[in-house]
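Listed below, chain by chain, are the residues.
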Amino acid sequence: MQHESQFAVSCRQLVKTYWTDSGRVRALEGIDIDLPWAAVSALVGPSGSGKSSLLRLLAGMDRPTTGTVVVDGVDLTALSSRRLRRIRDGVVGYIFQRPSDNFVSYLTVVEHLRLASGRSPHPNAPEADEILEKLEIAHRRDHLPHELSGGEQQRAAFAQVMMTGPRVVVADEPTAELDSASGEALLEVVRDLTRAGTAFVIATHDPKVSRMADTSIEIDHGLLKGAHAHDTKIHASQTRDVVAAARGSALYMRPSAVRSSVPEVSPTQFAERSRIQLLQLDGVTKTYTRGSEIVHAVEDVSLDLPSAHLLGLMGRSGSGKTTLLNLLAGWESPDGGSISWAGKEMEHTDNLPWSDVAVVPQKLGLIEELSVRKNIEYPARLDGRLDEMGERVDELLAELGLEELQDRVPLETSVGQQQRTALARALLLRPRLLLADEPSGHQDALWARGVFRVLRAAAEEGTCCLVATHNEEIASYFDAIFHMADGHLVDEVRPRESGTLSRP
């Protein structure tokens, strides 16, 4: 593929400032970069550093306060809103950070792909079934977005963008909710497309993406901290070997894998070592009907959850983890089996107070009109205990790095910061049971450690923390791990490898 412009993306003295009720937010300040064609450029940096703001500017989703953005030789800052829409239809493909934001609720996966292909037909665009097959979601082609797991939504969003044959693709954490195998399948498609000339700009906390990238750009608090290219020299106002430096820092720190020599015990044996049994599932089943198809989301699951433990619920995207959490939370009812709370069988657990069961869902459920602090305070307000909880709120704000953001509304913070806000809200009343769905999915490596340090402290105070995740690299944080596959709970757990969690 030949390109008239020398670089896929060029930014000069790029500044983006937002004005909010809490004051001025300088998201980007003086960014100078050139990004090459036929390459993957990784944007790295902590949550809230400005990565998403830069991607929105590159895709013409937003306009800079000052400076220029040139994509494929076209100065986006000089275009009308209509011209920018045309750019997004065939030149730049944009993948939102929240998987559900990429879809229209009433269109199936394949209908989204056909609409994208028809909107801007391109000779290099793949066939719908071909791209779905490569991304391992061909079996979901006729499903609606809400019928997909978060990881399946991310892959479908990627497929949809590729149907327009874009020359530049900007993606905001496209592997954040993917298990290892699904993430590798997506990255293999990215490799194939870069060999054909497509340029990718990917904001990421995923070490696998950083390792396969041709170029790494580090941003921190809106400033370009450095840039490094493996094979192609790029321009930056401040250049240094970012990757080499960062790999020796906490930005790339990862927990060690669970040792294979650790003996396996059954959930029953594990429960016998625990002090108090909070929630028991006995033969729980949940099915869904989609047309003539019956989907067995959870199949004959029996499980005891003890107090004072940090537990992992692991499995591939679509394995049934979120459905199981929803059943435990009382948000859905089982078709068969029983759920007991503290030895008493219950039809629903959703009427239990926040002090008993608290949830961090994938969609977070923050109230947009309330500030970060008021979102955290919400359970105490409902419980009539707001006056006595001020010190506890301050403690969680400090522990989760939210002090400077407490007066902003959620949309004025990054998704990673919103995740930590939802976690703080869930932990405020020191619940007996915490159910968390991928709570570190959008955290940089340093804050992923911070999240698990806070969860460990909650477990030591008596809370049972059950964390659904596909990320095998965080396995060593858990006291025990329950594995799910195709709706079934594998009857084995692994004790946690000893180790400590340091404060970020």
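Higher on the page you've got the structure.
Small disclaimer: the values here were computed from a predicted structure and weren't measured.

Conventions used here
Residues numbered from 1 in each chain as written. Predicted model: local features only at pLDDT ≥ 70, side-chain atom pairs only at ≥ 80, totals over all residues. Heavy atoms only, no water. Disulfide = S-S within 2.5 Å. Buried < 20%, exposed > 50% of the residue type's maximum accessible area, 1.4 Å probe, protein only. Phe/Tyr/Trp six-rings, centres within 6.5 Å; stacked < 30°, edge-to-face > 60°. Lys NZ or Arg CZ within 6 Å of the ring centre and 35° of its normal. Core = buried A, V, L, I, M, F, W, Y, C linked by side-chain atoms within 4.5 Å. Helix = DSSP H or I, 4+ residues; strand = E, 2+ residues; numbered from the N terminus. Contact = heavy atoms within 4.5 Å. Polar contact = N/O pair within 3.5 Å; in protein donor to acceptor, adjacent residues only side chain to side chain. Pairing = 2+ DSSP bridges. Axes fitted to C-alpha atoms, helices over the stretch in contact; angles between N-to-C directions.

1. Structural notes on the state of the cysteines
- Taken as a whole and judged by the stated rule, the model has 0 disulfides.
- Looking at the unpaired C465, the closest cysteine sulfur is the one in C464, lying at 6.8 Å.
- For C465, a relative accessible area of 0% gives the class buried.

2. Notes on the packing of aromatic side chains
- In the structure shown here, the tally under the stated rule is 4 aromatic pairs.
- With centroids separated by 4.7 Å and ring planes inclined at 85°, the aromatic side chains of Y94 and F96 adopt a geometry described as edge-to-face.
- We classify Y94 as buried; its relative accessible area is 11%.
- When the ring centre of W447 is taken as reference, the NZ or CZ atom of R420 above it lies at 4.3 Å.

3. Considering the nonpolar core
- Counting residues in hydrophobic clusters, the biggest one holds 38 residues, and the most contacted among them are L310, V360, L423, L434, F452 and L455.
- Elements that contribute at least two residues to this core include exactly β13 (309-314), β16 (357-360), α11 (372-382), α12 (390-399), α13 (415-427), β17 (433-437), α14 (445-460) and β18 (464-469).
- Element by element, the count of residues in this core is highest for α14, at 6 residues.
- Residues contacting L455, with those up to four places away along its chain left out, are L310, L423, L434, C465 and V467.

4. Considering the environment of H470
- Along the chain, the position of H470 falls in the loop between β18 and β19 (480-485).
- Of the residues examined, H470 reaches a relative accessible area of 8% and is grouped as buried.
- The spacing of H470 and G441 is 29 residues in sequence and 9.1 Å in space, taken between C-alpha atoms.
- Polar contacts involving the side chain of H470 include one to the side chain of E438, which spans 2.9 Å.

5. A look at the sheet that holds strand β11 (residues 277-290)
- Strand order in this open sheet of 4 strands is β12-β11-β14-β15, and the pairing throughout is antiparallel. Strand pairing shows two members of the sheet lacking a second neighbour, β12 (293-306) and β15 (344-346), which therefore form its edges. Neighbour to neighbour, the strand axes of the sheet diverge by 30° on average, direction disregarded.
- Across 3 bridges, strand β14 (residues 336-341) lies against β15 in antiparallel orientation. Bridge assignment links S340 to a residue of β15, and that residue is E345.
- Lying on the sheet, helix α10 (residues 321-329) is in contact with β11, β12 and β14; it crosses β11 at an angle near 125°.

6. Overview of the pairing of strand β9 (residues 215-220)
- Of all the 6 residues making up β9, 5 are buried; the element is thus mostly covered by neighbouring parts of the structure.
- As paired strands, strand β3 (residues 40-44) and β9 are joined by 4 bridges and run parallel to one another. From the neighbouring strand, L43 faces β9, where its bridge partner is I217.

7. A few points about the sheet that holds β19
- Read across the sheet, 6 strands follow the order β16-β17-β18-β13-β19-β20 without closing on themselves; strand pairing throughout is mixed. The strands lining the two open edges of the sheet, one partner per strand, are β16 and β20 (488-490). Ignoring strand direction, the axes of neighbouring strands in this sheet form an average angle of 20°.
- Pairing of β13 with β18 involves 6 bridges; the strand directions are parallel. When the bridges of β18 are listed, L311 appears paired with L466.
- In the packing of α10 onto the sheet, contacts are made with β13, β16, β17, β18 and β19, and the angle to β17 comes to roughly 150°.
- Along the sheet, α13 contacts β16 and β17; its crossing angle with β16, the most-contacted strand, is approximately 180°.

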